[in-house]
Amino acid sequence: MNWAVTTYDSAFGYVSAHGAPLVDLLDPQPGEKIIDLGCGTGTFTAEIAERGAEVLGIDAAPEMIAQATALYPGLSFAVGDAHTFTTAMPYDAVASNAALHWMTRDPDSVIAQVHAALRPGGRFVGELGGAGNCAELIVAMQTAWRVFGLGEPDLPWYFPSPAEYATRLEDGGFTVRLLEHADRPTRMVEGPDGAADWVRVYARSALADVPPELVDPLLERVNELAAPALRRESGWVADYVRLRFAAVRKPDGTAPMPEGPPLNGGAP
Ligand SMILES: C[S@@+](CC[C@H](N)C(=O)[O-])C[C@H]1O[C@@H](n2cnc3c(N)ncnc32)[C@H](O)[C@@H]1O
């Protein structure tokens, strides 16, 4: 994904603003070692650091890490893919705000890497888009793409249901302590062009195959289609639905066994 870093931070700061209460769920303690997975430009990483924890921000996008390092030179950041990252030492917690739904290749491998990065008893706390997230925005996109004779838009997200994500966490060696699935209508504070701006920032991959001369009229149509549901007198509101969870890595010995024949030949 190619992120428009400047637009992302200035026009869509609400992604981070809405992460604020997540830090309370994480409840970082002074001296704890914590990873912020999918840290973006580091706003949530800095919030964790303010509580006195030693935090490492990890993100797959080098341009995000460059921006985070420039903004918070005193904090540690590294480029890494959540599906494959490894750590040299066990961490007390892994936190993730508004990022896990972008990690679509294999959600189970993300959970497995988080499990491996944590000490037994370590916390995994996150917030991501849940089932139904942005449904009106997505339908407006799909309809507009169809109207313009384009194929289905390439939607780059994974929005799991609470049951599905809880099962993945449990199968991945975690005990789920809290799981919320809630509507979070969110004002698009500085995206004056509403749904069109949202698509430009968050669904860039869907625009990649659209002929350049069609982009503006296509996005205008997205706005027309989304407006009845999402435009208020006071401005545009995104139909966010969030999944928020807190899980704990089970003690050693309770993690799932690797697949394959039992090593003792099947004896009980
Ligand atoms: C919407 S941003 C959220 C950033 C930040 N957590 C915040 O609250 O502002 C999602 C971030 O996830 C990152 N990301 C997407 N896929 C990733 C992956 N596979 N591994 C690590 N980071 C990833 C993106 O580069 C992006 O910075």
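Let us look at the structure shown here. These figures come from a predicted structure and were not determined experimentally. (Residues numbered from 1 in each chain as written. Predicted model: local features only at pLDDT ≥ 70, side-chain atom pairs only at ≥ 80, totals over all residues. Heavy atoms only, no water.)

**Digging into the overall build of the protein chain**
For the protein chain, the helix and strand inventory stands at 11 helices and eight strands. Burial analysis of the protein chain (268 residues in total) assigns 50% to the buried set. Pairs at least 24 residues apart make up 75% of the contacts formed inside the protein chain by residues separated by at least 6 positions. (Helix = DSSP H or I, 4+ residues; strand = E, 2+ residues; numbered from the N terminus. Buried < 20%, exposed > 50% of the residue type's maximum accessible area, 1.4 Å probe, protein only. Contact = heavy atoms within 4.5 Å.)

**Focus on the nonpolar core**
Within the largest apolar cluster, 31 residues are counted, with the highest numbers of intra-cluster contacts made by Leu 137, Trp 145, Trp 157, Trp 198, Val 199, Leu 207 and Val 222. Of all elements in the fold, only α7 (135-147), α9 (194-202), α10 (204-207), α11 (212-230) and β8 (235-249) reach the threshold of two or more residues within this core. Here this core gets seven residues from one element, more than from any other, and that element is α11. Filtering out sequence-adjacent residues up to four positions away, Leu 137 remains in contact with Met 188, Ala 195, Trp 198, Leu 230, Ala 238 and Asp 239. The next biggest cluster of nonpolar side chains, apart from the first, holds 25 residues, and it includes Ile 35, Ala 82, Tyr 165 and Leu 169. (Core = buried A, V, L, I, M, F, W, Y, C linked by side-chain atoms within 4.5 Å.)

**Description of the packing of aromatic side chains**
All told, the structure shown has eight aromatic pairs when counted by the stated rule. Here the aromatic rings of Trp 102 and Trp 157 are separated by 6.0 Å at their centres, their planes lie at 75°, and the arrangement is edge-to-face. With Trp 102 in the loop between β4 (91-97) and α6 (107-117) and Trp 157 in the loop between α7 and α8 (162-171), this pair connects stretches of sequence that are 55 residues apart. We note that Trp 102, like Trp 157, is buried. (Phe/Tyr/Trp six-rings, centres within 6.5 Å; stacked < 30°, edge-to-face > 60°.)

**A few points about the pattern of salt bridges**
Scanning the entire structure with this criterion turns up 15 salt bridges. For the salt bridge of Asp 108 with Arg 168, the shortest nitrogen-to-oxygen distance reads 2.9 Å. One end of the pair, Asp 108, is in helix α6; the other, Arg 168, is in helix α8, and 60 residues separate them in sequence. Residue Asp 108 is classed as partly exposed on the basis of its relative accessible area, which comes to 37%. When the shortest N-O distance is used, the salt bridge between Arg 221 and Glu 224 registers 3.3 Å. Placement of both Arg 221 and Glu 224 in helix α11 is noted, with a separation of three residues, approximately one turn of the helix. For Glu 224, a relative accessible area of 49% corresponds to the partly exposed category. A single network of salt bridges, built from pairs that share partners, joins Glu 127, Arg 184, Arg 242 and Arg 244. (Salt bridge = Lys/Arg side-chain N within 4 Å of Asp/Glu carboxyl O.)

**Description of the packing of α7 against α11**
Two elements in contact, α7 and α11, have axes whose closest approach is 8 Å; the angle formed by their N-to-C orientations is 140°. Considering the relative orientation of α7 and α11, their crossing is right-handed. Contact residues: α7 offers Glu 136, Leu 137, Ala 140, Met 141, Thr 143, Ala 144, Trp 145 and Val 147, while α11 offers Leu 218, Arg 221, Val 222, Leu 225, Ala 226, Ala 229 and Leu 230. Of the residues in the contact of α7 with α11, the class split is 12 nonpolar, one polar and two charged. (Axes fitted to C-alpha atoms, helices over the stretch in contact; angles between N-to-C directions. Left-handed = near helix turned anticlockwise from the far one by under 90°. Nonpolar A, V, L, I, M, F, W, Y, C, P; charged D, E, K, R; others polar.)

**Side note on the packing of α6 against α8**
Contact pair α6 / α8: the axes reach a minimum separation of 9 Å and the direction vectors enclose 45°. Of the possible angle classes, the one that applies to α6 and α8 is oblique. At the point where α6 passes α8, the crossing takes the right-handed sense. Judged by residue contacts, Pro 107, Asp 108 and Ile 111 of α6 engage Tyr 165, Arg 168 and Leu 169 from α8. Considered class by class, the residues forming the contact of α6 with α8 number four nonpolar, no polar and two charged. (Parallel < 35°, antiparallel > 145°, perpendicular 65-115°, else oblique.)

**Quick word on unusual backbone geometry**
Its identity as a non-glycine residue notwithstanding, Ala 98 has a phi of 55°, on the positive side. Note on placement: Ala 98 falls in the loop between β4 and α6. Accessibility expressed as a relative area gives 14% for Ala 98, which makes it buried.

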